[in-house]
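Structural overview
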Amino acid sequence: MHSRVRVWLNRTYAENVFFMDQLRRNPSDRAVEIHATHGDADSPVLAAADTAELEPEGLSPAAYVEFALDQCQKRGIDVFVPRLHQAAIVAHRADFAALGTALLAPPPEAVAVFHDKVIAYEAVQAVGVPVPPWWRVRTADELVTAVEELEAGGHKACFKPASGAGGVGFRMITRAPFSLAQLNGFPSPYVSLDMVVEALRQGDEQVDWLVMPRLEQPEVSVDTLTGPDNRVRLAIGRTKNGRRRGFTQHEQWLEPARLIAEGFGLHYLSNIQFRMLGDRPVLMDVNTRPAGGLHQLSLCGVNVPWAAVQLALGEDTGVIEPPFLGQDYTVVSGPRQLRPVSIPAQRAEVSEPLPAVPAPAAAESVVVQAAGQALPL
């Protein structure tokens, strides 16, 4: 009889409550206990866990590694799925292994390549994966030059931080002057070039942006599961075109994703995103972590979070083919329970563990907008 598996998710996205659900409903019928830590006492991830603890705020990456090692030892963690400070954590893989904890994350070299989008584009282009044209921009003059070159090629320009995740800082450039039209309706990602240039010239902060053409839909996110031997065990594309979402096994998406996952050693779970530039797919981004929407692959009859945990435990899953591709669907928000009592913010020097999290009463449920549930169209 197999012993229970103890899995820890550190400060992660609200959508990963579904990741946790899938671990508990694993096809091996293995007992799984989940530990979660977060900086927000009202994170639904804390409520969904078997045990939970607030993370100290303001820790340096090195101090956070010490916190993480202590958590793994104290909680008897078998598999740690790091999101926050992933780069610092994977650099200490041997220290975690000495405690009996496997890291469900790529090696440091792979994390470093894809932390910086410019380095990532240069690296994947060198192995034959198409990428869009890009400019690294740190000044107003560099921004204007990049925008003018893109517009001369018939493109609309956009920019985002050279390092970052989740679409934070993404904006699309417009030549239209700011007017009341921008104040009608919902906030828009469009910003006036003149306003951005002025902000750069007046601001004291240095920026590090990637400027590139606005890419078109469909967007295809390929979720890959790769073993520590660099062989891909699973690759499935999730398509997004407006509200409509679906799945694809077309090689125009899967082949470059496998090339990246295997060539750069993206062990365990990664998410490789493509969009269209004209009539061809090009790489948009690579995430060296599980995607927030990974649970949607359950619509294809596969439990990918559990397969990843098995690989981390040294249990080879073999190649996993989805038995079918789920029908098109959309994502809507729904209620998710929180802890019955909110916990005040924790100071950096305090690291008292929280008790096991009881299931709150139904009356204490709230709607968590980030926790998307997949519904068929």
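Residues numbered from 1 in each chain as written. Predicted model: local features only at pLDDT ≥ 70, side-chain atom pairs only at ≥ 80, totals over all residues. Heavy atoms only, no water.

**A closer look at the overall build of the chain**
- Tallying secondary structure elements over the chain gives eleven helices and 17 strands in all.
- Expressed as a percentage of the 377 residues in the chain, the buried residues total 50%.
- Within the chain, contacts between residues at least 6 apart in sequence are counted, and of these 67% link residues at least 24 apart. (Helix = DSSP H or I, 4+ residues; strand = E, 2+ residues; numbered from the N terminus. Buried < 20%, exposed > 50% of the residue type's maximum accessible area, 1.4 Å probe, protein only. Contact = heavy atoms within 4.5 Å.)

**Here we look at the environment of R138**
- One can find R138 in the loop between β6 (135-137) and α8 (140-152).
- We classify R138 as partly exposed; its relative accessible area is 38%.
- Each C-alpha atom, one on R138 and one on W209, is 6.5 Å from the other, the two residues being 71 residues apart in sequence.
- Setting aside residues no more than four positions away along its own chain, R138 makes contact with Q206, V207 and D208.

**Section: the pattern of salt bridges**
- The tally for this structure, following the rule as stated, stands at 24 salt bridges.
- Its salt-bridge partner being R24, residue D50 comes within 3.2 Å of it at the nearest N-O pair. On the criterion of sequence distance, the pair formed by D50 in the loop between α2 (44-48) and β3 (51-54) and R24 in helix α1 (residues 17-24) is long-range, its members being 26 residues apart.
- Connected via shared salt-bridge partners are E53, D70, K74 and R75. (Salt bridge = Lys/Arg side-chain N within 4 Å of Asp/Glu carboxyl O.)

**A closer look at a nonpolar patch on the surface**
- Among the surface-exposed residues, F178, L180, L183 and M195 lie close enough to one another that they form a single nonpolar patch of about 450 Å² accessible area.
- For L180, the location among the structural elements is in the loop between β8 (171-174) and β9 (190-192).
- Owing to a relative accessible area of 64%, L180 belongs among the exposed residues under this scheme. (Patch = residues over 30% accessible without salt bridge, like charges linked within 9 Å, V, L, I, M, F, W, Y side chains within 5 Å. Areas by Shrake-Rupley, 256 points an atom, 1.4 Å probe, with all protein chains shown as cover.)

**Focus: the layout of surface pockets**
- One number sums up the size of the second largest pocket: a volume of about 530 Å³.
- In terms of lining, the second largest pocket is formed by 20 residues, of which the most central are R83, Q86, H115, A165 and T288.
- Secondary-structure elements contributing two or more residues to the lining of the second largest pocket are α4 (86-90), α6 (108-115) and β15 (280-287).
- Considering only residue class, the lining of the second largest pocket consists of nine nonpolar, seven polar and four charged. (1 Å grid on protein atoms, 1.4 Å probe; cavity = no way out; pocket = protein on both sides within 12 Å on 5 of 7 lines; lining within 4 Å. Points joined across faces, edges and corners; volume = space filled by probe spheres on them. Nonpolar A, V, L, I, M, F, W, Y, C, P; charged D, E, K, R; others polar.)

**Observations concerning the sheet that holds strand β1 (residues 5-9)**
- Spatial ordering of the open sheet is given by β3-β2-β1-β4-β5, a layout of five strands whose pairing is parallel. In this open sheet, the two edge strands, each paired with only one partner strand, are β3 and β5 (102-103).
- Examined bridge by bridge, strand β4 (residues 79-81) and β5 share two bridges and lie parallel to one another. Opposite F80, over in β5, you have L103 as the bridge partner.
- Seen against the sheet, α1 touches β1 and β2 (32-38) and runs at an angle of roughly 165° to β2.
- Of the strands in this sheet, β1, β2, β4 and β5 are in contact with helix α11 (residues 304-312), which crosses β1 at around 110°. (Pairing = 2+ DSSP bridges. Axes fitted to C-alpha atoms, helices over the stretch in contact; angles between N-to-C directions.)

**Considering the packing of aromatic side chains**
- Inspection of every chain in the model, using the stated rule, returns nine aromatic pairs.
- Judged by centre distance (6.2 Å) and plane angle (55°), the ring pair of W253 and F274 falls under tilted. Residue W253 is located in helix α10 (residues 251-263), and its partner F274 is located in strand β14 (residues 268-277); the two are separated by 21 residues in the primary sequence.
- An aromatic cluster is defined as three or more aromatic residues linked by ring pairs; in this entry it consists of W8, Y64, F67, F80 and F96.
- Positioned above the aromatic ring of Y13, the side-chain terminus of R83 is 5.0 Å from the ring centre. (Phe/Tyr/Trp six-rings, centres within 6.5 Å; stacked < 30°, edge-to-face > 60°. Lys NZ or Arg CZ within 6 Å of the ring centre and 35° of its normal.)

**Section: the nonpolar core**
- By size, the foremost hydrophobic cluster in this structure holds 40 residues, and its most contacted members are V7, L23, L104, L269 and V309.
- Ignoring anything within four residues of it in the chain, the contact list for L104 reads V79, F80, V81, P82, Y268, L269, A308, V309 and A312. (Core = buried A, V, L, I, M, F, W, Y, C linked by side-chain atoms within 4.5 Å.)

**With respect to the sheet that holds β8**
- Overall, mixed pairing links the five strands, which are arranged β6-β10-β7-β8-β9 in an open sheet. Looking at the sheet topology across the chains shown, the edges are occupied by β6 and β9. For this sheet, the mean inter-axis angle between neighbouring strands, taken without regard to orientation, is 35°.
- In this sheet, β9 lies alongside β8 in parallel orientation, the contact comprising three bridges. Considered in β9, the bridge of T174 is made with S192.
- The strands touched by α8 are β6, β7 (157-161), β8 and β10 (209-213); relative to β6, the strand with the most contacts, the crossing angle is about 155°.

**Considerations on the packing of α1 against α11**
- As a packed pair, α1 and α11 sit with axes 8 Å apart at the nearest point and diverge in direction by 70°. In terms of their interaxial angle, α1 and α11 are classed as roughly perpendicular. The handedness of the crossing between α1 and α11 is right-handed. Together, F19, Q22 and L23 of α1 and P305, W306 and V309 of α11 make up the contact between the two elements.
- A breakdown of the residues in the contact of α1 with α11 according to their chemical character gives five nonpolar, one polar and no charged. (Parallel < 35°, antiparallel > 145°, perpendicular 65-115°, else oblique. Left-handed = near helix turned anticlockwise from the far one by under 90°.)

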